[in-house]
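Secondary and tertiary structure notes
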Amino acid sequence: MEKPAFLDRDRPDVPGLVVPGGVTPFYLAGRPVRGRLIRLGILADAMLTRHDNPAQVTALAGKALALVAALASALKFQGSFSLQIKGDGPVSMLVADCTHDGALRFYARTDEDALNTLLARNPTPTDKELMGNGYLALTVDQGPDMERHQGIVEIAGDDLAAMATHYFATSEQHACWIMLACTMTDAGWRSGALVLERIAGEGGTLDTSPTAPDGTTQADDNWETATILANTLTVGELLDDTLPAPQLLHRLFHEEDLHVSQSRALAFGCRCSRARLVDVLQRFPEDDLDHMCVNNDTIVMTCEFCNKDFHFPRKDIASATS
Ligand SMILES: [Zn+2]
């Protein structure tokens, strides 16, 4: 006998993969720089191929996953970091989020006709051309007891890394250097990110005194040096499963007093469940529930993150509103 929906807390059948060293935090001692190296490894392929997206959209989504993994790993409390982009391009909606403990998910909505029209004109569109004009929002959600923090900026820049850098510069007044990559390799889809953040100097004293005639400080020089070194990173290195993260970071920053911290895991992690979806359904009046029925007896709800349909017998769902 089928379990009543309200008792069923089963997880959908989704990839159970965990990538142990997915996030590697680091900092450059005595310099106003901290960063994270993100590599999704086999998780990128498992998550991205679960959705039937065109390759260009898959590459964009993979970069979004690496970006939210990098941003969520800086959360100081339990919660999640979510990226939402809405535009008037062929990819009208892109959502990716990651929790403080590395649970990732995403979905993208694509108008395939509009995408084919774009590709006929330009076979290698930029992220900006895929998404068009619109808005990028980043939301930090730290649970019901904390206020949600959301910043929204217009889409600006050719690629997602530039858009995110623009977001931090304008919405958060925070200097960041961001590289994102996602591509099909011999081993399948891979995605990764290198993110540098400029932080206040140690004890707040590092930034203050200009050391050069043009007014730049030692901290300015240190930040510039770090970004110049980061710029030497290639996509091949970033996405190379056989090159360990500490070794890659050492290659880039060994002359900058690099300290590599304990790496953390990433995994697929949607928060949907049959029980949660029933909670949503119960908010509708009985009439609406009747209209949602297929074949008079079943309601189908799709989790867009998991790309999975959940079927509920209509008789199991009682409206809480009537
Ligand atoms: Zn889900």
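Residues numbered from 1 in each chain as written. Predicted model: local features only at pLDDT ≥ 70, side-chain atom pairs only at ≥ 80, totals over all residues. Heavy atoms only, no water.

Some details on the packing of helix H2 (residues 55-72) against helix H5 (residues 160-170)
- Close contact between H2 and H5 brings their axes to 10 Å; oriented N to C, the two are set at 35°. For the pair H2 and H5, the crossing hand works out as right-handed. Counting all contacts with H2, which are made through Leu60, Lys63, Ala64, Leu67 and Leu71, the residues of H5 involved are Leu160, Ala164 and Phe168.
- Taken together, the residues of the contact of H2 with H5 sort by class into seven nonpolar, no polar and one charged. (Axes fitted to C-alpha atoms, helices over the stretch in contact; angles between N-to-C directions. Helix = DSSP H or I, 4+ residues; strand = E, 2+ residues; numbered from the N terminus. Left-handed = near helix turned anticlockwise from the far one by under 90°. Contact = heavy atoms within 4.5 Å. Nonpolar A, V, L, I, M, F, W, Y, C, P; charged D, E, K, R; others polar.)

Re the pairing of strand S14 (residues 308-313)
- Across six bridges, the pairing between strand S13 (residues 298-303) and S14 is antiparallel. The partner of Met301 across the bridge, within S14, is Phe310.
- From the end of S13 to the start of S14, which pair antiparallel, there are four residues, and Asn307 there has a positive phi angle of about 55°. (Pairing = 2+ DSSP bridges.)

Brief notes about the pattern of salt bridges
- This structure, assessed with the given rule, holds 13 salt bridges.
- Measuring nitrogen to oxygen at the nearest pair gives 2.8 Å for the salt bridge that ties Lys63 to Asp127. With Lys63 in helix H2 and Asp127 in helix H4 (residues 127-131), this pair connects stretches of sequence that are 64 residues apart.
- Classification of Lys63 by relative accessible area gives buried; the value is 15%.
- Residue classification places Asp127 among the buried residues on the basis of a relative accessible area of 6%.
- With a closest N to O distance of 2.9 Å, Asp290 and Arg314 form a salt bridge. In this pair, Asp290 sits in helix H10 (residues 286-292) while Arg314 sits in the segment after S14, placing the two residues 24 residues apart along the sequence.
- By relative accessible area, Asp290 is classed as partly exposed at 45%. (Salt bridge = Lys/Arg side-chain N within 4 Å of Asp/Glu carboxyl O. Buried < 20%, exposed > 50% of the residue type's maximum accessible area, 1.4 Å probe, protein only.)

That is the geometry; function is a separate question.
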